[in-house]
Amino acid sequence: MTTTINLFTSLSKQLKASSNTLKSFYTEDPITGNVVIHGATNNRPKAYAGEIIDCPWDNPKTILLQRGNAFLVPNDFPALSENSASDPQLDYLANNIYRICNARGECLIVIYSKQHKGHWLTLNDETLNDVVALWAMSTKRAQEKGFQYAHIFENDGPLNSMHHPHGQQYNLMDIPPFQKHEIRRAQKHFAKTGKNIFDMVLEAETKNNERIIYENEDFIVFAAPGAKWPFQVRILPKKRALWVFEFSENQQKQLADVITKVRKSYAAYFTNKYKPTFMMNLIQAPFDNEELYRQVYGFRIDIFCTALSDKAEKLMFSLENATGLIAYSTTPEEIAEELRTTTGE
Ligand SMILES: [Zn+2]
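Residues numbered from 1 in each chain as written. Predicted model: local features only at pLDDT ≥ 70, side-chain atom pairs only at ≥ 80, totals over all residues. Heavy atoms only, no water.

### Quick notes on the confidence of the model for the protein
Heads up, the condition is: For every residue, the predictor assigns a confidence score, pLDDT, that lies between 0 and 100. Every residue pair with non-hydrogen atoms within 4.5 Å of one another is taken to be in contact.
Summarising the model, the protein shows a mean pLDDT of 87, and 85% of its residues fall at 70 or more. Between residues 1-8, whose pLDDT stays under 50, and residues either more than four places distant or in other chains, the model counts six contacts.

Dropping the structure here:
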């Protein structure tokens, strides 16, 4: 054990010393396949925590993309290194076990509005439609810049470091571990059945409407069986797509609508009781093999929430962290019923 730790420490030092421009790198656990980004910025100014007076997003200086009230800007404290010609090409195999390589990519902020106060539910429909349209533009931009994967997400809760309505986007040079795993499963499913797993899930949920929380013209949102978090919900388009930029203007509006409906339900259900951390993730196809993904994969939004009930938080301890088996007592049908009947309207 001591030898391994020493070897690892030594490699990290070598990597850090090898270039002034090297900011972050990945390490991979060869047994589990778990990947860590080393290099998340810890020198974030204290002023960024909590309420601040001079919020840089009230008047963003560097604007990469704009759609109405919504802006795409660089993250001033990125976890990933930008591409740089002077970076060494790293793919170290220490002892032929530990793979360490540059963590390259782009960390961006999606500013929903220049208005500092508020969150998704306080923004008007026009602004929310701008946000979804900006997601489409920023995903297209990632594809055109040669990234392999774009992950758009939002964390919202009392622990947020910035209380300005915003989400984030990570543009990656590789497909993240969970998505690699999902795609392998989707390929196997297609090989076995000749069908796309997303089509089958949509069909199953439409037939069994007990788990559906809300649906509009183009999307359904339902409480998914096998969800990691008790209050996890999934949004699927009724017509399968791979990326948010494939949705028409009307579908983009419908997407904003379905997100707003489910967020209203959460907000109404947890009012004055318990404030869980809310996590929204656009899970899109990678960009490297459209033909394959068109056949086996699909776009979705997974919304997680750390609540176990309206009074308590679901915590992940030994069983969950070591085995991936997750224990809680509620069923997706019960969660769907709670969120369907607590609409906040
Ligand atoms: Zn602000």
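### Here's the deal with the pairing of strand S13 (residues 278-283)
Test applied: Summary of the burial criterion: residues with accessible area below 20% of their type's maximum are buried, those above 50% are exposed, and those between are partly exposed, where the area comes from a 1.4 Å probe applied to protein chains only. Only DSSP runs of H or I with at least four residues qualify as helices, and only runs of E with at least two residues qualify as strands; both kinds are numbered from the N terminus onward.
With six of six residues buried, S13 is to be regarded as a mostly interior element. The two faces of S13 match: Phe278, Met280 and Leu282 on one face and Met279, Asn281 and Ile283 on the other face are all buried.

### Some thoughts on the coordination of the zinc ion
Metal coordination angles in their ideal form are 109.5 degrees for the four-donor tetrahedron and 90 or 180 degrees for the six-donor octahedron. Operational definition: Donor criterion used throughout: N, O or S atom within 2.8 Å of the metal, extended to 3.2 Å for Na, K and Ca. Water excluded; incomplete-looking sites may result. When four donors show all angles between 85 and 135 degrees the site is tetrahedral, when four or six donors have opposite pairs over 155 degrees and all other angles between 65 and 115 it is square planar or octahedral respectively, and in every other case it is irregular.
Within the protein, Cys55 (SG), Asp58 (OD), His116 (ND1) and His164 (ND1) serve as the donor atoms for the zinc ion, at 1.9 to 2.2 Å. Classification of the site at the zinc ion as tetrahedral follows from its four donor atoms and the range of 99 to 121 degrees in their angles at the metal. Read N to C, the donor residues that coordinate the zinc ion are spaced as C-x2-D-x57-H-x47-H. Of the two residues, Cys55 sits in the loop between strand S2 (35-38) and strand S3 (65-67) while His164 sits in the loop between strand S8 (149-156) and strand S9 (166-172), which places them 109 residues apart along the sequence. For His164, a relative accessible area of 3% gives the class buried.

### What about the nonpolar core?
Heads up, the rule is: To qualify as a nonpolar core, a set must consist of buried Ala, Val, Leu, Ile, Met, Phe, Trp, Tyr and Cys residues joined through side-chain atoms within 4.5 Å. Where each domain starts and ends follows an automatic or database-derived domain assignment.
Judged by nonpolar contacts, the single largest core of 45 residues is most densely connected at Trp135, Leu255 and Tyr266. The element that contributes the greatest number of residues to this core is helix H5 (residues 249-269), accounting for seven residues. The two domains that each donate at least three residues to this core are domain 1 (2-172) and domain 2 (177-341). Setting aside residues no more than four positions away along its own chain, Tyr266 makes contact with Phe231, Gln232, Val233, Phe278, Ile303, Cys305 and Leu339. Grouped together as the second largest cluster of nonpolar side chains are 32 residues, Leu80, Tyr149, Ala186 and Phe222 included.

### Observations concerning the packing of helix H2 (residues 125-144) against H5
Put simply, the rule is: Orientation is described by axes fitted as lines to C-alpha atoms, over the contacting stretch for helices, and by angles from 0 to 180 degrees between their N-to-C directions. Handedness of a crossing follows from how the near helix is turned relative to the far one, being left-handed for an anticlockwise turn of less than a right angle and right-handed for a clockwise one. Amino acids outside the nonpolar list (Ala, Val, Leu, Ile, Met, Phe, Trp, Tyr, Cys, Pro) and the charged list (Asp, Glu, Lys, Arg) are all regarded as polar, and Gly is one of them.
Where H2 meets H5, the axes come as close as 9 Å, and the angle between the chain directions of the two elements is 120 degrees. Both H2 and H5 take part in a crossing whose hand is right-handed. Every residue of H5 that contacts H2 at Leu128, Asn129, Val132, Ala133, Trp135 and Ala136 is listed here: Gln252, Lys253, Leu255, Ala256, Ile259 and Thr260. Of the residues in the contact of H2 with H5, the class split is eight nonpolar, three polar and one charged.

### Here we look at the side chain of His151
Test applied: Nitrogen and oxygen atoms within 3.5 Å of one another constitute a polar contact, given that in protein one can donate a hydrogen and the other can accept it, and given that sequence-neighbouring residues count only through two side-chain atoms.
Looking at where His151 falls in the secondary structure, it is placed in strand S8. A polar contact is formed between the side chain of His151 and the side chain of Asn281, at a distance of 2.8 Å. Those residues in contact with His151, other than ones at most four positions away along the chain, are Gln168, Gln169, Tyr170, Asn281, Leu282 and Ile283.

### Structural notes on the sheet that holds strand S14 (residues 300-305)
Put simply, the rule is: Two strands qualify as a pair provided that DSSP identifies no fewer than 2 bridges between them.
Here ten strands make up an open sheet; going across it, the order is S3-S4-S7-S9-S8-S13-S14-S12-S11-S10 and the pairing antiparallel. Where the open sheet ends on each side, the last strands, each with one partner, are S3 and strand S10 (212-215). Mean inter-strand twist for the sheet, computed between neighbouring axes without regard to direction, equals 20 degrees. Note: S3 against strand S4 (residues 70-74), three bridges, orientation antiparallel.

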